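Residue-level structural notes
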Amino acid sequence: MTEKEIVEYIKNNDIQKIKFAFADIDGVLRGKLIHIDKFLEGLQEGFGFCDVVFGWDSSDTGYDNVGVTGWHTGYPDKTAQIDLSTFRLIPWENNTPFFLADYKNNDNTALSICPRTLLKRIAHECTGMGYHASFAQEFEWFNFRETQQTLAEKNFSNLTPLTHGMFGYSILRPSLEDAYYNDLFDLLGAFDIPLEGLHTETGPGVYECAYFHDEVLRAADKATLLKTAVKEIANKHGIIATFMAKISDKLPGCSGHIHQSLWNADKTSNLFYDANREHNMSDLFKHYLAGQLYCLPHIVPMLAPTVNSYKRLVEGAWAPTTITWGFDNRTTALRILNHAHKSTRLEQRISGSDTNPYLAMAASLASGLYGIKHKLSLDVPATVGNGYADKRNGSIASNLMEATQLMKHSDIAKELFGDAFVQHFTATREWEWRQFSKHVSDWEMKRYMEII
């Protein structure tokens, strides 16, 4: 819909309020409900919005190590600019109109640390190279028969799963919660996030969904909105949905794999596919894959952004630990699917469900384009069999601090994302590690309290 059509729709339907939001550095949606008059007045100039949203963590605690905002700046406003192309209706909120927004500096220049802005820049670069980037992210998540009140009362332990047992791809288990299960599929579709598939994964109360692939920015919009939408729909059913990467060392983690391919500008030809080449892989695909392999050590925090992310990246847990690739191999970091023109793609398997989709997709696309621009050769051989045992090209960083230090001092990361973003983002990850490091865990209490 054009701006004129959107305004006419709102006026003709006597709409009095709209909701808008944007993703912070952790991928958490921040926003507000505003009167229609304020919305119409701000369409051109944007809205003042406190920049503290880029100066605090996911728990609203202010960083003490970032320069973009803080006590030293007084936490002023920056400009939130609504992107009208993201217009959709929220079906579980009486079809309230909803929009995503981008953050700008007050001089109307792009805010380099804004995740959606970063992805827009890289997507624009991709388009300028003549490619259409087609992406999608799939998600796994746990569902609990809890509320925010019971979570606090139980101190986030001994939670009741939505269903019991390890029932991957079960037809039986979803039928026990068919109202919720069908609401997820139907309401997400009505929210312009049509699902390709929805099913149970192995684990108590675990679901997995995949939405249809789309242009990379729209794909990231859908992924970011999907996580919050699932939580809101779950709340309507008395359910808490969590996208943590790992909730227990006794259960599998939750992935957020990213599927990606490059097409020609009119989207008629998958440029990764070449029937005349070995394994149907075009030279462009090989350059793209080589770029991801080469850049991977420098971008890991954008794919695994929390302390918890690395609890999932362990051997034998359906998540990679080595810098590897293979054909239809689920033990490698990068999985190649190459059977047909329409479906040939690269699946990046490091990302968990806790990622910020804008940053994870930006990292994937930027590193792939790096390989194309530098015509990198695919010198790393494909892994056959167990990817955990193939350490020829190195291993993925084992914790957030290690990964962050590699990125912080990386010239490649700065080339891909700019100095300002790398400096800010790695500072936020160092902060995250510091919060974890000073915390006394239940494990420490149980292990040391009596015996030491």
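Data block above holds the structure.
So, a few notes on the structure that sits alongside this text. Given the structure is predicted, the values throughout are model-derived calculations rather than measurements. (Residues numbered from 1 in each chain as written. Predicted model: local features only at pLDDT ≥ 70, side-chain atom pairs only at ≥ 80, totals over all residues. Heavy atoms only, no water.)

A few words now on the overall build of the chain. From N to C terminus, the chain includes 14 helices and 14 strands. If one aligns the C-alpha atoms of the chain with their principal axes, the spans along those axes are about 60 × 60 × 50 Å. Contacts in the chain between residues at least 24 apart in sequence constitute 71% of all its contacts with a sequence separation of at least 6. As presented, the chain carries roughly 20,200 Å² of accessible surface, and 52% of it is formed by carbon and sulfur atoms. In the chain, 44 positive and 55 negative side-chain charges are present, and the distance between their average locations comes to 2 Å. (Helix = DSSP H or I, 4+ residues; strand = E, 2+ residues; numbered from the N terminus. Contact = heavy atoms within 4.5 Å. Areas by Shrake-Rupley, 256 points an atom, 1.4 Å probe, with all protein chains shown as cover. Lys, Arg positive; Asp, Glu negative; His and termini not counted. Charge placed at Lys NZ, Arg CZ, Asp CG, Glu CD.)

What follows covers the sheet that holds strand 2 (residues 29-35). Strands sit in the order 2-1-5-4-3 across an open sheet of five strands; the sheet is mixed. Looking at which strands have only one partner, the edges of the open sheet turn out to be strand 2 and strand 3 (47-50). Taking each pair of neighbouring strands and ignoring which way they run, the sheet shows an average axis angle of 40°. (Pairing = 2+ DSSP bridges. Axes fitted to C-alpha atoms, helices over the stretch in contact; angles between N-to-C directions.)

Below, the discussion takes up the environment of Asp274. The topology assignment puts Asp274 in the loop between strand 11 (258-263) and helix 8 (283-303). Through-space distance from the C-alpha of Asp274 to that of Thr344 is 9.6 Å; in sequence the pair is 70 residues apart. In contact with Asp274, other than residues within four places in its own chain, are Asn280, Met281 and Ser282.

On to the pairing of strand 8 (residues 206-211), then. Of all six residues that make up strand 8, five are buried, and the element is covered over most of its length. Note: strand 6 (residues 132-144) against strand 8, five bridges, orientation antiparallel. If you follow Phe142 over to strand 8, its bridge partner there is Val206. As paired strands, strand 7 (residues 195-200) and strand 8 are joined by five bridges and run antiparallel to one another. In the sheet register, Thr200 faces strand 8, and the bridge partner there is Tyr207. Counting the residues in the hairpin turn of strand 7 and strand 8 gives five residues, including Gly203, whose phi is positive at 135°. (Buried < 20%, exposed > 50% of the residue type's maximum accessible area, 1.4 Å probe, protein only.)

Before going further, it helps to spend a moment on the nonpolar core. With 102 residues, the main nonpolar core has Trp141, Tyr180, Leu262, Met361, Leu365, Phe417 and Phe421 as its most contacted residues. Looking at this core element by element, the count peaks at twelve residues for helix 8. Once residues within four sequence positions are removed from consideration, Phe421 is found in contact with Ile25, Ser112, Ile113, Leu118, Met302, Leu359 and Met407. Core analysis: the second largest hydrophobic core is formed by 28 residues, Ile34, Leu43, Phe99 and Cys114 among them. (Core = buried A, V, L, I, M, F, W, Y, C linked by side-chain atoms within 4.5 Å.)

Among the structural elements, Ala340 can be located in the loop between strand 13 (334-337) and strand 14 (345-348). For Ala340, a relative accessible area of 31% corresponds to the partly exposed category. C-alpha of Ala340 to C-alpha of Asp274: the two residues are 66 residues apart in sequence and 9.5 Å apart in space.

Here we come to helix 6 (residues 178-190). In a regular helix each residue adds 1.5 Å, so 13 residues correspond to 18 Å; helix 6 covers 18 Å between its end C-alpha atoms and thus fits that length. Tyr180, Tyr181, Leu184, Leu187 and Leu188 are the residues of helix 6 that are buried. Turning to helix 6, the residues buried within the fold contact strand 6, helix 5 (172-175), strand 7, strand 8, helix 7 (216-236) and strand 10 (240-242). Backbone geometry just after helix 6 places Asp192 at a positive phi near 65°. (Expected span 1.5 Å × (residues − 1).)

Next up on the list: the pattern of salt bridges. According to the stated counting rule, one finds 27 salt bridges in the structure shown. Note that Arg88 and Asp192 form a salt bridge whose closest N and O atoms lie 3.5 Å from each other. Of this pair, Arg88 sits in strand 4 (residues 77-90) while Asp192 sits in the loop between helix 6 and strand 7, and the two are 104 residues apart along the sequence. Taking the shortest distance from any N to any O, the salt bridge between Glu347 and Arg349 comes out at 3.3 Å. Like Glu347, the residue Arg349 is buried in the burial classification. Three or more residues joined by partner-sharing salt bridges are found here, namely Asp83, Asp102, Arg116, Lys120 and Asp221. (Salt bridge = Lys/Arg side-chain N within 4 Å of Asp/Glu carboxyl O.)

The next thing to look at is the packing of aromatic side chains. For the coordinates displayed, the defined rule picks out 28 aromatic pairs. For the pair Tyr63 and Trp431, a centre-to-centre distance of 5.8 Å together with 85° between the ring planes defines the contact as edge-to-face. With a gap of 368 residues between them, Tyr63 in the loop between strand 3 and strand 4 and Trp431 in helix 13 (residues 419-437) connect regions that are remote in the sequence. The pair formed by Tyr63 and Trp431 is uniform in burial state, with each residue classed as buried. Ring plane angle 65° and centroid distance 5.0 Å describe the contact between Trp92 and Phe191, whose orientation is recorded as edge-to-face. Residue Trp92 is located in the loop between strand 4 and strand 5 (96-104), and its partner Phe191 is located in the loop between helix 6 and strand 7; the two are separated by 99 residues in the primary sequence. For the pair Trp92 and Phe191, one class covers both residues: buried. Among the aromatic residues, those joined into a ring-pair cluster are Phe20, Phe22, Phe47, Phe49, Phe54 and Tyr103. When the ring centre of Phe191 is taken as origin, the NZ or CZ atom of Arg88, which lies over that ring, is 5.4 Å away. (Phe/Tyr/Trp six-rings, centres within 6.5 Å; stacked < 30°, edge-to-face > 60°. Lys NZ or Arg CZ within 6 Å of the ring centre and 35° of its normal.)

Summarising the element assignment, Gln292 is placed in helix 8. For Gln292, a relative accessible area of 4% gives the class buried. The contacts of Gln292, once residues within four sequence positions are left out, are Gln260, Leu334, Leu346, Ser364, Leu365, Ser367 and Gly368.

Two elements, strand 11 and strand 14, share three bridges in a ladder whose sense is antiparallel. What sits directly across from His259, in strand 14, is Glu347. Pairing between strand 13 and strand 14: four bridges, direction antiparallel. Opposite Ile336, over in strand 14, you have Leu346 as the bridge partner.

The values are spatial; any link to function lies outside them.
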